[in-house]
Amino acid sequence: MLLLGKGEEMSGGRTKKTILADAMEAVIGALYIDNGYKNTFDFVSRCIQPQIKKVTGENFHNDYKSILQEFCQQQFKCYPEYIMVKKTGPEHDRTFWMEVRIGQTVYGAGKGRNKKSAEQDAAKEAYLKIKA
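Parameters and conventions
- Residues numbered from 1 in each chain as written.
- Predicted model: local features only at pLDDT ≥ 70, side-chain atom pairs only at ≥ 80, totals over all residues.
- Heavy atoms only, no water.
- Helix = DSSP H or I, 4+ residues; strand = E, 2+ residues; numbered from the N terminus.
- Rg over C-alpha atoms; globule rule 2.2 N^0.38 Å.
- Buried < 20%, exposed > 50% of the residue type's maximum accessible area, 1.4 Å probe, protein only.
- Contact = heavy atoms within 4.5 Å.
- Areas by Shrake-Rupley, 256 points an atom, 1.4 Å probe, with all protein chains shown as cover.
- Lys, Arg positive; Asp, Glu negative; His and termini not counted.
- Charge placed at Lys NZ, Arg CZ, Asp CG, Glu CD.
- Pairing = 2+ DSSP bridges.
- Axes fitted to C-alpha atoms, helices over the stretch in contact; angles between N-to-C directions.
- Parallel < 35°, antiparallel > 145°, perpendicular 65-115°, else oblique.
- Left-handed = near helix turned anticlockwise from the far one by under 90°.
- Expected span 1.5 Å × (residues − 1).
- Patch = residues over 30% accessible without salt bridge, like charges linked within 9 Å, V, L, I, M, F, W, Y side chains within 5 Å.
- Salt bridge = Lys/Arg side-chain N within 4 Å of Asp/Glu carboxyl O.
- Phe/Tyr/Trp six-rings, centres within 6.5 Å; stacked < 30°, edge-to-face > 60°.
- Lys NZ or Arg CZ within 6 Å of the ring centre and 35° of its normal.

What the protein contains, in helices and strands, is four helices and three strands. Relative to its length of 132 residues, the protein is extended, with a C-alpha radius of gyration of 18 Å against a globular reference of 14 Å. Considered along the principal axes of its C-alpha atoms, the protein spans approximately 50 × 40 × 25 Å. For the protein, with 132 residues in total, the buried portion stands at 20%. When contacts within the protein are restricted to residue pairs at least 6 apart in sequence, long-range pairs at least 24 apart make up 24% of them. Working note: accessible area of the protein is about 9,700 Å², and carbon and sulfur atoms make up 54% of it. Here the protein carries 21 positive and 16 negative side-chain charges, and the mean point of each set is 3 Å from the other.

Once that is clear, we can look at the pairing of strand β2 (residues 95-102). The pairing of strand β1 (residues 81-88) with β2 spans seven bridges and is classified as antiparallel. Along β2, the bridge assignment pairs K86 with W97. The turn linking β1 back onto β2 is made up of six residues, and G89 within it adopts a positive phi angle of 90°. Where β2 lies against strand β3 (residues 105-112), seven bridges are found, and the strand directions are antiparallel. Opposite E99, over in β3, you have A109 as the bridge partner.

Relative placement of two packed helices is described by the angle separating their axes and the distance separating the axes. One way to put it is that helix α3 (residues 64-76) packs onto helix α4 (residues 115-131) with a least axis distance of 8 Å and a crossing angle of 45°. Relative to α4, the element α3 is oriented oblique. Considering how the two elements wind past one another, α3 and α4 form a crossing that is left-handed. On α4, the residues touching Y64, K65, I67, L68 and F71 of α3 are K116, E119, Q120, A123, K124, A126, Y127, L128, I130 and K131.

Over its 13 residues, α3 runs 17 Å from end to end, which matches the ideal 18 Å to within 8%, given 1.5 Å per residue. The inward-facing, buried residues of α3 abut β1, β2 and α4. A positive backbone phi angle near 55° is found at K77, which sits one or two residues after α3.

Moving on: a nonpolar patch on the surface. Together, Y32, I33, Y37 and F41 make up a nonpolar patch on the protein surface, roughly 530 Å² of accessible area in all. Inspection of the secondary structure assignment puts F41 in helix α2 (residues 17-56).

Under the criterion given, the structure shown has four aromatic pairs. Look at F71 and F76: their rings are 6.1 Å apart centre to centre, the planes differ by 80°, and that puts the pair in the edge-to-face class. By relative accessible area, which is 38% here, F76 ends up partly exposed. In textbook terms, an aromatic cluster arises when at least three aromatic residues are bridged by ring pairs, as seen for Y64, F71, F76 and Y127. Looking at K65, its charged tip hangs above the ring of Y82, at a distance of 5.1 Å from the centre. For K86, the ring lying beneath its charged end belongs to W97, and the centroid distance is 4.4 Å.

The following block contains the structure:
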């Protein structure tokens, strides 16, 4: 059960991956505090490990922010920097525009319903541009 504010409820908060991930993290943390490491490890191994294998499999959607960061560290010895260019819309229904820079050069731009998805979009564009 998630207790959400009116704005979050109206903007589809019950299906937002970040909110669901935070809720799952809280459940695992509570399990650890209440039952200790071994029981928590058993739960994660039994219930979450199969999902981890799906995420790390070849056919799953790539996390371009992580891929770009690893590539930048290997090739340029630096981290990509994400900069918000603008945001529009009311607070419960925003759109964010982000750029990703490596050094002083902008390599990608993206937009999304939250900063994280806009960064992911920008990272994808940047990575595909660099690898082309």
